[in-house]
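Coordinate analysis (summary)
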Amino acid sequence: MAMTDTLEHVTTSVARRVREGHEADFVEWTDRGIDLVRTFPGFLGGGWLRSSAESSDYHVVYRFETHDHLEAWLRSEARRDWLGRGRPIADDVVTHRLSGVEGWFEPQSNLTDAVRVVGGPPPRWKQAVSIGVAFYAVSLLVNLVITPHLTHLNVALRTAVVVMMCTPLMVYVVMPFVTARLRKWLAPRA
């Protein structure tokens, strides 16, 4: 899978409040929904989480390869029928989607934090500042250490080499490092 493909993935979390006495019905209904969505192209996985043993809030999490695959599921008659059967069981509380660059601004080590149901990614201007800090550091490093050794290549090939080196470095090393250091500043205000 190409590096850009992973940036297209979209994770969705839907918080649902289950009506009292319908917990077992909700689990069965949700499991049927997950079995149904598995039949759709681009589905990468899903499941459900309960907020706590005392809570009536459940979080259904699912992931698709692309927004187009997700949209096909969201617009499908199969999903509409399935949702209709769940109306007497639970109410949707909030939906949150996380994809692309926004994924840099959420912790990746813990799924329940990675798809926060309340809040969301920081404002775009904070994302831009964070990306700028990371991009500056990577660009400076590459220009000091790598590009002097690539002068024999034409500009298009030299740029391709630099991009192929910088992209995984940004995605897997620098952005997680920068966002971890800026976590409090990036956190949405309550």
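Conventions and cut-offs
Residues numbered from 1 in each chain as written. Predicted model: local features only at pLDDT ≥ 70, side-chain atom pairs only at ≥ 80, totals over all residues. Heavy atoms only, no water. Helix = DSSP H or I, 4+ residues; strand = E, 2+ residues; numbered from the N terminus. Contact = heavy atoms within 4.5 Å. Areas by Shrake-Rupley, 256 points an atom, 1.4 Å probe, with all protein chains shown as cover. Phe/Tyr/Trp six-rings, centres within 6.5 Å; stacked < 30°, edge-to-face > 60°. Buried < 20%, exposed > 50% of the residue type's maximum accessible area, 1.4 Å probe, protein only. Lys NZ or Arg CZ within 6 Å of the ring centre and 35° of its normal. Core = buried A, V, L, I, M, F, W, Y, C linked by side-chain atoms within 4.5 Å. Salt bridge = Lys/Arg side-chain N within 4 Å of Asp/Glu carboxyl O. Expected span 1.5 Å × (residues − 1). Arc of directions from axis to C-beta. Axes fitted to C-alpha atoms, helices over the stretch in contact; angles between N-to-C directions. Parallel < 35°, antiparallel > 145°, perpendicular 65-115°, else oblique. Nonpolar A, V, L, I, M, F, W, Y, C, P; charged D, E, K, R; others polar.

What follows concerns the overall build of the chain. When helices and strands are tallied, the chain shows 8 helices and 4 strands. In the chain, the share of contacts with a sequence separation of at least 24, taken over all contacts with a separation of at least 6, comes to 68%. When the accessible area of the chain is evaluated, it comes to approximately 11300 Å², of which 60% is carbon and sulfur surface.

Before going further, it helps to spend a moment on the packing of aromatic side chains. Per the stated rule, a full pass over the model turns up 9 aromatic pairs. Each ring, one from W73 and one from W82, has its centre 6.3 Å from the other, and the planes form 45°; the classification is tilted. The exposure classification of W73 matches that of W82, with both residues buried. One aromatic cluster is present, formed by F26, W29, F40, W48, Y58, W73 and W82 through successive ring pairs. One residue, K126, lies across the ring of W185, its end atom 5.1 Å from the ring centre.

Further remarks concern the nonpolar core. Among the nonpolar cores identified, the biggest contains 19 residues, and F26, W29, Y62, F64, L70 and W73 are the most heavily contacted of them. For this core, the secondary-structure elements that each account for two or more residues are β1 (10-18), α2 (23-37), β3 (57-64), α3 (67-74) and α4 (77-86). Here this core takes 4 residues from β3, the largest share from any one element. Counting residues in each nonpolar core, the second largest holds 11 residues, with A134, V138, L153 and C166 among its members.

A few words now on the pattern of salt bridges. For the structure on display, the rule yields 5 salt bridges. Here R32 makes a salt bridge to E28, at a shortest N to O gap of 3.6 Å. Of this pair, R32 and E28 are both found in helix α2, 4 residues apart, which corresponds to roughly one turn of the helix.

Moving on: α2. Over its 15 residues, α2 runs 21 Å from end to end, which matches the ideal 21 Å to within 8%, given 1.5 Å per residue. Every buried residue of α2 is accounted for by F26, W29, T30, G33, I34 and V37. All buried residues of α2 project into a common sector of 140° when viewed along the axis, lining one side.

What follows deals with the packing of α2 against α4. Between two packed helices, both the angle of their axes relative to each other and the distance between the axes serve to describe the pair. Contact geometry of α2 with α4 gives a least axis separation of 10 Å together with a crossing angle of 175°. When the axes of α2 and α4 are compared, the pair comes out roughly antiparallel. Of α4, the residues touching α2 (which contributes W29, T30, R32, G33 and L36) are A78, R79, W82, L83, R85 and G86. Class assignment of the residues belonging to the contact of α2 with α4 gives a composition of 5 nonpolar, 3 polar and 3 charged.

Structural measurements only, silent on function.
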